[in-house]
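These are the residues of each chain, in order.
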Amino acid sequence: MYPLRKTFVFLFLVLALKPNAQETLTAEQSNPIKMGWMQGFPPPKDKIISAIDGSFFRFPAMRYSVCHMRQFMPTTEVKAADTNLFELPVKLDPSIDAVTFLPWNSTERITWQESLAKNYTDGILVLHKGTVVYEKYFGALKPNGVHAAMSVSKTFTGTLGALLIEEGLLDENKTGADYIPELKNSAFGDATIRQILDMTTGLKYSEDYSDPNAEIWSFSAAGNPFPKPPSYSGPTNYYDYLVTVQKEGEHGELFGYKTINTDVMGWIISRVTGKSIPELLSERIWKPLGTHVDGYFQVDGAGIAFAGGGFSANMRDMALFGEMIRNMGKFNNQQILPTSLINDIKKGGNRDAFNQSVYGMSLKNWSYRNMWWITHNAHGAFAARGVYGQTIYVDPVAEMVIVRFASHPEAKNAKIDPTSLPAYHAVAKYLISK
C-alpha cells in the first residue's frame, strides 16, 4: 500500500502530510500573491506547483491552489443562473472589526479582525437580514473568483439527498443496496439512507492520513484521474472502490465522519435521478438561487464528481445558498427547498451517537443531520464545514449567515474552531444588539 501513497498523493489527500517547516509563516508572510506562485510566462521553476508531486496542496503553495483548483485537476461545471440573477444589498458595518471575543481555552480576548489572520482567511462575508454587512478578500481570492469548499461539498450532496427524501424519490428507511444492487456485498448494502446521510454507518475505513495502510489511500488511488501505473490492479474510480468497503461494527450506533458516506450518497442520488451531482446541484439549487459565477467539481478518471470534497464556488454565491437556508428554503421569489427539509436539518441528528464519537469531546452536544453540523447552542446555529477553515454558518436567532474561505496550515477544524466558533457567536450577539 505504501507505494500507492506516494503515487497518488493528491486529490485532497495530501491533507495527510504534516505541515512543513514553513507552517510558521503568518497569513501575511504566506500571501500567495506576494510569494509569486505560478506568476510569469513561464513562472520561475521554484514557483511552479503541481498536482503530480502533491506540491499544489502543501502549505504555503496551497494558499494559491485553493483558488485555482482546475489548473491542477480535471473538473466539471456547476452552471450558474442565466437569468434572474440575485444582487445582494450591501451596507457595510466597519464596527464588526472591533467586536471582541474570548477564544476557547484562553484568558485574553481578541478582535474579530485579529481572528481573520489567525485563521488564514482568504475571504469572509457576513449577511444580516439578507444584507451584506461585512465582506473582505485576502491573498489569491477575488470577488468574482472561486475557492475550494472542501467538505462543505458534503452539505450540498446531503441537502440534495434530503430533498429527494422529501419528494419521495428516496425512502430513508431503505438501504444502499435497494437503490444500487452493486453495493449488496459492501458495508453500504444494509445501511439505510438515513444512516448514510447522518454518517452513523459502521465502516471498516480509516481516514488517518498518517497511516500508510489506511483505507483512505485506496480510495485516493481509485479516484486518481491520471493514468495508473502498470503495476496498479485496484479499483479504477470512486464507485469501483465503494463496492469494496467492508462493514465494521453496527450501523446506527456511532457517528463516524467518513467521506465515503457522501460519495456513496452521491452515487445513490445520481442513480435515482439519472443526473450527476454537478448537474442536479445546478438545476435544483444553483440556478434558482440566481448565482453569478459557475462553480465546478473535481472528477475522477471516469468523470465521477468528488461529492465528498471536490466543489469550488464563489463566496457571494455561497452566501445566497446560506441565506436561502436561513429563510426556510425560500429565496429569489421562489420556494427552492421545502420548509420541512430545513426544519429536519435544524432539529439535528442523534446527539448520543455524536457525543460518543471523537467529535463529541470538542463539539459537545452537537449533532449531524443531512450532512450539516448542528450546534444546538442558544441560537440554534448550524453549519457546513470543511477542512482548512471553510464554512457556511447559519444563525437563525441573529438572522445572520457567515461564509468563510480559508487556507490554514493545518487541516483539522479542531485547530481553527477555538478562534472561529466563538467569533461567529460574538458577531451574532453584536448584530442582535444593534
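These numbers were taken from a predicted model, which means no experiment stands behind them. (Residues numbered from 1 in each chain as written. Predicted model: local features only at pLDDT ≥ 70, side-chain atom pairs only at ≥ 80, totals over all residues. Heavy atoms only, no water.)

A.B. asks: Mind laying out the packing of helix α5 (residues 152-166) against helix α11 (residues 277-289), listing which residues take part and the relevant values?
C.D. replies: Look at α5 against α11: their axes get within 11 Å of each other, and the N-to-C directions meet at 70°. With respect to α11, the element α5 is oriented roughly perpendicular. In this structure, α5 uses F156, T157, T159, L160 and L163 to contact α11, whose residues at the interface are I277, L280, L281, R284, I285 and W286. Taken together, the residues of the contact of α5 with α11 break down into eight nonpolar, two polar and one charged. (Axes fitted to C-alpha atoms, helices over the stretch in contact; angles between N-to-C directions. Helix = DSSP H or I, 4+ residues; strand = E, 2+ residues; numbered from the N terminus. Parallel < 35°, antiparallel > 145°, perpendicular 65-115°, else oblique. Contact = heavy atoms within 4.5 Å. Nonpolar A, V, L, I, M, F, W, Y, C, P; charged D, E, K, R; others polar.)

A.B. asks: With reference to specific residues and values, describe the packing of aromatic side chains.
C.D. replies: The geometry of an aromatic ring pair is captured by the separation of the ring centres together with the interplanar angle, meaning the angle of the planes. For the structure shown, the criterion picks out 34 aromatic pairs. Following the ring pairs from residue to residue traces out a cluster consisting of F156, W286, F297, F311, F321, W372 and F382. Sitting over the face of the ring of W373, R385 holds its NZ or CZ atom 5.3 Å from the ring centroid. (Phe/Tyr/Trp six-rings, centres within 6.5 Å; stacked < 30°, edge-to-face > 60°. Lys NZ or Arg CZ within 6 Å of the ring centre and 35° of its normal.)

A.B. asks: Describe the environment of W267, and please don't skip the residues or the numbers.
C.D. replies: Relative to the elements of secondary structure, W267 occurs in helix α10 (residues 259-273). It is 45 Å that separates the C-alpha atoms of W267 and P94, two residues lying 173 residues apart in sequence. With residues near it in sequence (within four places) discarded, W267 still touches I180, E182, L183, Y239, L242 and V243.

A.B. asks: Let's hear about the sheet that holds strand β12 (residues 372-374): which residues, and what values?
C.D. replies: The sheet built from seven strands is open, its strands ordered β5-β4-β15-β14-β13-β12-β11 with antiparallel pairing. Bordering the open sheet on either side are β5 (131-137) and β11 (367-369), each of which pairs with just one other strand. The mean angle between the axes of side-by-side strands here comes to 20°, regardless of whether they run parallel or antiparallel. One ladder, built from six bridges, connects strand β4 (residues 121-128) with β5; its direction is antiparallel. Across the sheet, the residue bridging to I124 is K136, located in β5. (Pairing = 2+ DSSP bridges.)

A.B. asks: Explain the pattern of salt bridges to me, and be specific about the residues and the numbers.
C.D. replies: A full pass over the atoms with the stated rule returns 24 salt bridges. E77 is the salt-bridge partner of K79, the closest N and O atoms lying 3.0 Å from each other. Across the pair E215 and K204 runs a salt bridge whose closest N-O atoms are separated by 3.1 Å. Within this pair, whereas E215 is found in the loop between α7 (193-197) and α8 (216-223), its partner K204 is found in the loop between α7 and α8, the two being separated by 11 residues in sequence. Judged by its relative accessible area of 42%, K204 is partly exposed. Residues joined by salt bridges that share partners form a network here, namely E172, R194, D198, D344, K347 and R369. (Salt bridge = Lys/Arg side-chain N within 4 Å of Asp/Glu carboxyl O. Buried < 20%, exposed > 50% of the residue type's maximum accessible area, 1.4 Å probe, protein only.)

These values are about where atoms sit, not about what they do.
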